[in-house]
Amino acid sequence: MDAFVLQILNGLDKGSAYALIALGLTLVFGSLGVVNFAHGAKFALGAFCAVSFQQLLTISEKVKDESVTFFDAYKEVPYLEIWWGDTGSMIIDWAVPLSIFMAIPVMLLIGLALERGLYQFFYKRTHAEQILVTFGLAIVIQEIIKTFYGANPIPTPAPEMLSGTAPIGLWLGLGESVAYPYWRLVYFAFALLVIGLVFAFLRYTTFGMVVRAGMSDRETVSLLGLNVERRFTILFGIASVVAGLAGVMYTPILPPDYHMGMEFLVLSFVVVVVGGMGSLPGAVAAGFLLGILQSFASMNEVKSVLPGLDQIIVYLIAVIVLLVRPRGLMGQKGVMEE
C-alpha cells in the first residue's frame, strides 16, 4: 500500500508538469491551429527566469570575515543581507516562488513578440512547415540559454521551510513509513491552481467566451465585429506564461539545464495527442494519466519483468489510443480522423 501511494504521488508530480505544458500547447493549437514545437523551450525559459532572479538576489560583495582573527579573511555576502539583514536572507530563501512575479511579464512579452514576429506568418501553412519552423526556434532558444548559462545544470533550491518531507502516511493513517517532499506537493497544488484559473478565465469571462467561440467558428465571430485575432494573440501570450510558470516552479525538483525544455516537449506533445488535439480537458486528463502510468512503470517490480517499460509506456499508450480512437480521448470528431 505504501508503494502504491508513493507511485500515485510521483505520477501526479510528473503529470502536473505534463498537464501544464500540454495545456499551453492545446491553447495554441485550438485557437491558432499552430503545432508549436517551441513550447517546451518556454518551459525552459521559465525555469531560467527563476535562475536569473535568484542570481539577481544573490549579487554580493566581499566583506571582512570577523570570525577569522589570525589574518584578514573575506567572504561574499549578498547585498540584500547587508541592507536588510534577516529580511534579506528570507527574500533570497524564497527566490523561486518570488520569481513568479518576474516570469509572468517576461513570458507574456516573449509570447506576444514571437506570435507577432514569427508565428502569424505560418497560420495558413501546413503543419509540417509549422513543425520545422517551431522546432528550429526551439533549438535557437536552447542554444541561447546554453550561451548565457552554460551546459551544466544549475541547482535552484526550494525555500528551507518547504525543503523537507511531508508525513503523508500519518495524514492518510498509513503510519510513518510514507513520506514525500513538501515541494513536490506544492508543485501539484500550484499546477491545479493554474489549470483552474485558466479554465475559469476561459469559461467565466467575456474574453474567454469570445475566444471559445472563435475556436469553434472564427469567421462568424469576426463578422460580429469582434477582434478575434487580437484575442488569440493575447491567448498565445497566456499559453507562454503557463509554460513559463510550470518551469519556474519545477526548478527545485529538476535543476535547470539548457535542454530540459526539449525533454518535456516530446512527452507533452504525446500527452496532447492522447488527450485529443484541441481539447483542454483532454490535455489535462491525459497529462495526469500518463504521469501516473509512467510512475508505476518505473517500479523495480515492473522493470524486473519488463525492462525499459518506463521509457516507452507513454508512447505505447499513445499508439494504442490512436489505433482505437484517432482523435484522442476527448478530441473533437473529425480531428486527426481524416
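**Some details on the packing of helix H1 (residues 2–32) against helix H9 (residues 182–204)**
Pairs of packed helices are described in terms of their axes, by the angle between the two and the distance that separates them. The interhelical angle for the contact between H1 and H9, taken along N-to-C directions, is 30 degrees, at an axis separation of 9 Å. Between H1 and H9, the angle falls in the class roughly parallel. Helix-helix and strand crossings are classified by hand; for H1 and H9 the assignment is left-handed. On the side of H1, the interface is formed by Leu-9, Leu-12, Asp-13, Ser-16, Ala-17, Ala-19, Leu-20, Leu-23 and Leu-27, while H9 contributes Arg-184, Leu-185, Tyr-187, Phe-188, Ala-191, Val-194, Ile-195, Val-198, Phe-199 and Leu-202. Along the lines of polarity and charge, the residues of the contact of H1 with H9 split into 16 nonpolar, one polar and two charged.

**A word on the packing of aromatic side chains**
One pass over the full model with this rule turns up 13 aromatic pairs. Note on Phe-37 and Phe-269: the rings are 4.8 Å apart at their centroids and 45 degrees apart in plane angle, and the pair reads as tilted. Here Phe-37, found in the loop between H1 and helix H2 (39–57), pairs with Phe-269, found in helix H13 (residues 260–275); they are 232 residues apart in sequence, far enough to count as distant. Judged by relative accessible area, which is 17%, Phe-37 ranks as buried. Relative accessible area serves as the criterion here: at 17%, Phe-269 is assigned to the buried category. A centroid spacing of 5.1 Å and a plane angle of 70 degrees characterise the contact between Tyr-187 and Tyr-250, whose relative ring orientation is edge-to-face. Here Tyr-187, found in helix H9, pairs with Tyr-250, found in helix H12 (residues 228–250); they are 63 residues apart in sequence, far enough to count as distant. Judged by its relative accessible area of 0%, Tyr-187 falls in the buried class. Linked through ring pairs, Tyr-18, Phe-43, Tyr-187, Tyr-250 and Phe-264 together constitute an aromatic cluster.

**Structural notes on the pattern of salt bridges**
What the rule picks out here adds up to three salt bridges. In this structure, the salt-bridge partner of Arg-184 is Asp-13, at a minimum N-O distance of 2.1 Å. With Arg-184 in helix H9 and Asp-13 in helix H1, this residue pair connects regions lying 171 residues apart in the sequence. Overall, the relative accessible area of 1% leaves Asp-13 in the buried class. Among the ionic pairs, Glu-129 bridges to Arg-125, the shortest N-O distance being 3.5 Å.

**Quick look at the nonpolar core**
Counting 90 residues, the largest nonpolar core has Leu-20, Phe-43, Tyr-119 and Tyr-187 as the members making the most contacts within it. A per-element tally of this core places H1 first, with 13 residues. Once residues within four sequence positions are removed from consideration, Leu-20 is found in contact with Tyr-187, Ala-191, Val-194, Ile-195, Val-242 and Ala-246. The next biggest cluster of nonpolar side chains, apart from the first, holds six residues, and it includes Leu-9, Ala-166, Val-178 and Tyr-180.

**Things to note about the layout of surface pockets**
There is about 260 Å³ of room inside the second largest pocket. Considering the residues around the second largest pocket, the lining is formed by 13 residues, among which Lys-14, Tyr-18, Phe-264, Leu-267 and Gln-294 are closest to the centre. When contributions to the lining of the second largest pocket are tallied by element, the ones reaching two or more residues are H1, H13 and helix H16 (309–324). Per-class residue counts for the lining of the second largest pocket are seven nonpolar, two polar and four charged.

**Some remarks on helix H10 (residues 206–216)**
Along an α-helix, residues three or four apart share an orientation, since each turn contains 3.6 residues. Listed in full, the buried residues belonging to H10 are Phe-207, Gly-208, Val-210, Val-211 and Gly-214. Buried residues in H10, looked at end-on, bunch into an arc of 160 degrees, giving them a common side. What points out from H10, more than 90 degrees from its buried face, is the exposed set Thr-206 and Ser-216. Next to the buried residues of H10 lie H9, helix H11 (218–223) and H12.

**Details of H1**
The first and last C-alpha atoms of H1 sit 45 Å apart over 31 residues, in line with the 45 Å expected at 1.5 Å per residue. With 23 of 31 residues buried, H1 lies mostly within the body of the structure. In the stretch just after H1, Gly-33 is the one whose phi turns positive, near 70 degrees.

Definitions and cut-offs
Residues numbered from 1 in each chain as written. Predicted model: local features only at pLDDT ≥ 70, side-chain atom pairs only at ≥ 80, totals over all residues. Heavy atoms only, no water. Axes fitted to C-alpha atoms, helices over the stretch in contact; angles between N-to-C directions. Helix = DSSP H or I, 4+ residues; strand = E, 2+ residues; numbered from the N terminus. Parallel < 35°, antiparallel > 145°, perpendicular 65-115°, else oblique. Left-handed = near helix turned anticlockwise from the far one by under 90°. Contact = heavy atoms within 4.5 Å. Nonpolar A, V, L, I, M, F, W, Y, C, P; charged D, E, K, R; others polar. Phe/Tyr/Trp six-rings, centres within 6.5 Å; stacked < 30°, edge-to-face > 60°. Buried < 20%, exposed > 50% of the residue type's maximum accessible area, 1.4 Å probe, protein only. Salt bridge = Lys/Arg side-chain N within 4 Å of Asp/Glu carboxyl O. Core = buried A, V, L, I, M, F, W, Y, C linked by side-chain atoms within 4.5 Å. 1 Å grid on protein atoms, 1.4 Å probe; cavity = no way out; pocket = protein on both sides within 12 Å on 5 of 7 lines; lining within 4 Å. Points joined across faces, edges and corners; volume = space filled by probe spheres on them. Arc of directions from axis to C-beta. Expected span 1.5 Å × (residues − 1).

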